[in-house]
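# Residue-level structure breakdown
Take a look at the letters that make up each chain.
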Amino acid sequence: MPLATMASASSAPLLAAALLLCAIAATSPVTAGAGGRGPINTNGRSYTKVCDPSRFASLGLDMSRFRYCDASLPYADRVRDLVGHLTLEEKVRNLGDRAEGAEARVGLPPYYWWGEALHGVSDVGPGGTRFGDVVPGATSFPLVINSAASFNESLWRAIGAVVSTEIRAMYNLGHAELTYWSPNINVVRDPRWGRASETPGEDPFLVGRYAVSFVRGMQDLAAGTSSGAGDPFARRIKVSSCCKHFAAYDVDAWRDADRLTFDARVTERDMAETFERPFRMCIRDGDASCVMCSYNRVNGVPACADAGLLTETVRRRWQLHGYIVSDCDSVRVMVRDAKWLNLTGVEATAAAMKAGLDLDCGMFWEGARDFFTTYGVDAVRQGKIAEADVDNALGNVYMTLMRLGFFDGAPEFEALGAGDVCSGDHVELAADAARQGMVLLKNDARRLPLDPRKINSVSLVGQLQHINATDVMLGDYRGKPCRVVTPYNAIKKMVNATYLHSCDNGACDTAGAISKAARTSRIADATIVIAGLNMSVERESNDREDLLLPWNQTGWINAVAEASPHPIVLVIMSAGGVDVSFAQNNSKIGAIVWAGYPGEEGGTAIADVLFGKHNPGGRLPLTWFKNDYVNQIPMTSMALRPDAARGYPGRTYKFYDGPAVLYPFGHGLSYTTFTYASATTGATVTVPVAAWEHCRALTYRSGGAAPSPPPACPALDVASHRCDESVRLAVTVRNTGGVGGDHVVPVYTAPPAEVGDAPLKQLVAFRRVFVPAGGAVEVPFELNLCGDFAIVEETAYNVVPSGASAVIVGDDALAMSFPVTINLAVSV
């Protein structure tokens, strides 16, 4: 979404408002439409559904004349009838995010499609979601990059479920619609990307699993609830969730490159292996009801006008059960910015719709309209598109509203009201999510946790925006939080005395500031420095130039550390990685915690981790590089693999094998220690390859030893095989320390050593488990041969290579591995 559209969140805690909300909920019955314009507002009255006979009567219409309100008919028939009632002009007026409906003539009310729920209900967008009166705020969870660091699928699903519950409650109260354009599942290919906070990280599998879990939480009805199973296009959903931005989008504004004009030059191999995979998982496994196409071009063609991406891939190959929407203003961007093929507004509208775009999100500055509603009628009358193309697009969007109960109501959600927004359980989940996403990067000599029985006073030093982070912790695409617990407020509850030294815009490195911090550091029992970035450094429309701490923070952190009689604790707020080599290598900095942007309860989580109320178990969902990395490769190089000819080192943990890694993907320490044991020592899988299945060539390492004699079947084409084979393993995780804690068990596979140009390793599974002090937990895994041992060959085929692959369990010093030999037995 364009940064210009983002609404500001209140920087003041909303605790009083949240208490008022609860009081209202306790004393007032929940009534649809109370406190707002209502789910559907007609002639001054609120209705819970479109197809209410009294609503039609108030319009002077007989509902029985409209078959689209006949609940006994299949959704598809009803949608066909609805669209059939509309004139061409009415149809076109419903192709934008602010659909005008056709209320007076057909009974179809207006609808605002644009909603955001990246990490909680947000009021970004033109009026679809509103805060005020009985809904002053909503639960603000940690930014996605923090939640991803938990490596906990059940947490991600729980967050999605809470967000959708709050949306449904707000919908009943007239403060929300039912379609939300979240999650953002673009892979963080480059550490400078400004939108890293919105995404689950650099690994396409991790990103995909986050997408599946969050979307299921947003959309799925409770177990045992009728969901229209049998016809996936008619499956009822709680709230519509949208996977964005498709595809190959991860450059916003870097030097001369701008997302509005950027042409992402991507190989088919990288598309299949990295850029498409999370979206395929989101649609096929998560059953998302929406996909958003991105601003950029992909190999010369705008993503929102690419029939290969939208119709062939998203609809036909992946079987999207929903609609496709443009990123806001993307169709206009084709004409105004990219000047693609010098198309006119009419021609761009026709090109996007024929490619498979159903809904055009426009900007909402004064007088602006989206291209579809502006040029759609002319596109039909000039013969650029058929009216049937318009009908098809409307069919996809109104089928989604049918599934949401917009026309018939959703009785299972109608009791939700003010008490279901910012509830105690929801706020606690936000705090727990923040705790689970905290990552302990360094802990020399067990500097952490701080013992509250021994630490009576703390010197708290850093930027005021981080210490009293009512704004920074909330990140972007936020709504108005229930309340905000700052690090300062939470930490001062842990100790008897807190000495605060705050500074902004580099003032911390003045002699006076350092002298004051040094004096209190000498009398305090501990010094905590909170530093990092904010949304002026990394955000939508703003990529970073380097990976360093801004505002002279490095200098004054080192100065405070040097002045302190004891090793200090450093807390970093950021989304992307920061080169804190200076802190890692400084013995006077005893511990480093990455707090990310932890949401409204971030202060509670930070204090709980620092003082040992929570044992950190988070892992980095992206590699933290040293700053040298940015001088080795431009952001605009889309390739993932190293390019020796250009001296490019490769990207992400899957392909980078150079010296610039500060903390690797998956890094994270604990206050306790763990060991692994497994009875698995290896496995051999023989795969019969039938005559109708396909073997493919395999690329071998240059100058390496290819198998001799060459195998009859070097690699099996996954698309031709049933893929029933699997490998089972179990790992026993033992806690050998004195405190219980969560532990993430990641599982990677690596292809045979002789295979060339392949990933060094790739994540295929993970589990987060709690292991009590002195206890042990057995963690089982079952790896599918095709899903977990396959690689994408140079030809873009997805293949399982013959030979000895490896399974690697764990990161850092815990990592253990064993071979899995795959024999591809060709039938004669």
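In every chain, residue numbers begin from 1 and rise along the written sequence. It should be noted that, the model being predicted, local features are given only for residues of pLDDT at least 70 and side-chain atom pairs only at 80 or more, the latter also being counted only at that level, while totals for whole chains, interfaces and linings use all residues. The side-chain quantities take in all heavy atoms of the structure and omit both hydrogens and water.

Turning our eyes to something else, we now look at the overall build of the protein. Counting secondary structure elements, the protein contains 24 helices and 33 strands. In terms of overall size, the protein behaves like a compact globule, its C-alpha atoms giving a radius of gyration of 27 Å where 828 residues would be expected to give roughly 28 Å. Only carbon and sulfur atoms are counted for the fraction: they give 51% of the accessible area of the protein, which is about 28100 Å². Comment: elements are numbered from the N terminus, with helices defined as DSSP H or I runs of at least four residues and strands as E runs of at least two. The globule rule used for comparison is 2.2 Å times the number of residues to the exponent 0.38, while the radius of gyration itself is calculated over C-alpha atoms. Computed by Shrake-Rupley with a 1.4 Å probe, the accessible areas treat only the displayed protein chains as cover when residues are assessed.

In this section: the pattern of salt bridges. Salt bridge, as used here, is a side-chain nitrogen of Lys or Arg placed within 4 Å of a carboxyl oxygen of Asp or Glu. Counted according to the given criterion, the structure contains 50 salt bridges. Arg-78 is the partner of Asp-408 in a salt bridge, and the nearest nitrogen-oxygen pair spans 2.6 Å. Highlighted residues: Asp-408 in the loop between helix 15 (387–403) and helix 16 (424–437) and Arg-78 in helix 3 (residues 75–85), separated in sequence by 330 residues. Exposure classes here rest on a 1.4 Å probe applied to the protein chains alone. A residue is buried below 20% of its type maximum, exposed above 50%, and partly exposed in between. For Arg-78, a relative accessible area of 0% puts it in the buried group. Taken together, the shared-partner salt bridges in this structure form one network comprising Arg-157, Arg-216, Asp-220, Arg-235 and Asp-287.

Core analysis: the biggest nonpolar cluster contains 231 residues, and Trp-181 and Phe-407 have the highest contact counts within it. Grouped together as the second largest cluster of nonpolar side chains are 33 residues, Val-689, Leu-716, Cys-723 and Val-769 included. Nonpolar core, defined: a set of buried Ala, Val, Leu, Ile, Met, Phe, Trp, Tyr and Cys residues in which side-chain atoms within 4.5 Å join the residues together.

Here we take up the packing of helix 7 (residues 153–172) against helix 16. Axis lines are fitted to C-alpha atoms, over the contacting stretch for helices. Their N-to-C directions set the angle, which ranges from 0 to 180 degrees. Closest axis-to-axis distance for the helix 7/helix 16 pair is 11 Å, and the angle between their directions is 150 degrees. By the angle between their axes, helix 7 is roughly antiparallel relative to helix 16. Where helix 7 crosses over helix 16, the two elements pack in a sense that is left-handed. On helix 16, the residues that touch Leu-155, Ala-158, Ile-159, Val-162, Thr-165 and Glu-166 of helix 7 are His-426, Leu-429, Ala-433 and Gln-436. Residue composition of the contact of helix 7 with helix 16, grouped by class: six nonpolar, three polar and one charged. Throughout this description, any angle smaller than 35 degrees is read as roughly parallel, any larger than 145 degrees as roughly antiparallel, any in the 65 to 115 degree range as roughly perpendicular, and the remainder as oblique. When the near helix sits turned anticlockwise from the far one by under a right angle, the crossing is termed left-handed; a clockwise turn instead gives a right-handed crossing. By the convention used here, residues are in contact when the closest approach between their heavy atoms is within 4.5 Å. Throughout, the ten residues Ala, Val, Leu, Ile, Met, Phe, Trp, Tyr, Cys and Pro are labelled nonpolar, Asp, Glu, Lys and Arg are labelled charged, and all others, Gly among them, are labelled polar.

Spatially, four strands are ordered 24-25-31-30 in an open sheet, and the strand pairing comes out antiparallel. Of all strands in the sheet, those with a lone pairing partner are strand 24 (695–696) and strand 30 (791–792), marking the two edges. Pairing of strand 25 (residues 715–717) with strand 31 (residues 798–801) involves three bridges; the strand directions are antiparallel. Directly across from Ala-715, in strand 31, lies its bridge partner Pro-801. DSSP-based pairing: two strands are paired if at least 2 bridges between them are found.

Turning to the UniProt feature "domain: Fibronectin type III-like" (unreviewed entry) in the protein, a few remarks are in order. UniProt positions are given in the numbering used here, feature names are shortened, and annotations may be inferred rather than shown by experiment. Per the UniProt record, "domain: Fibronectin type III-like" (unreviewed entry) is found at residues 743–813. From the first C-alpha to the last, residues 743–813 spans 14 Å; its make-up is 6% helix and 56% strand.

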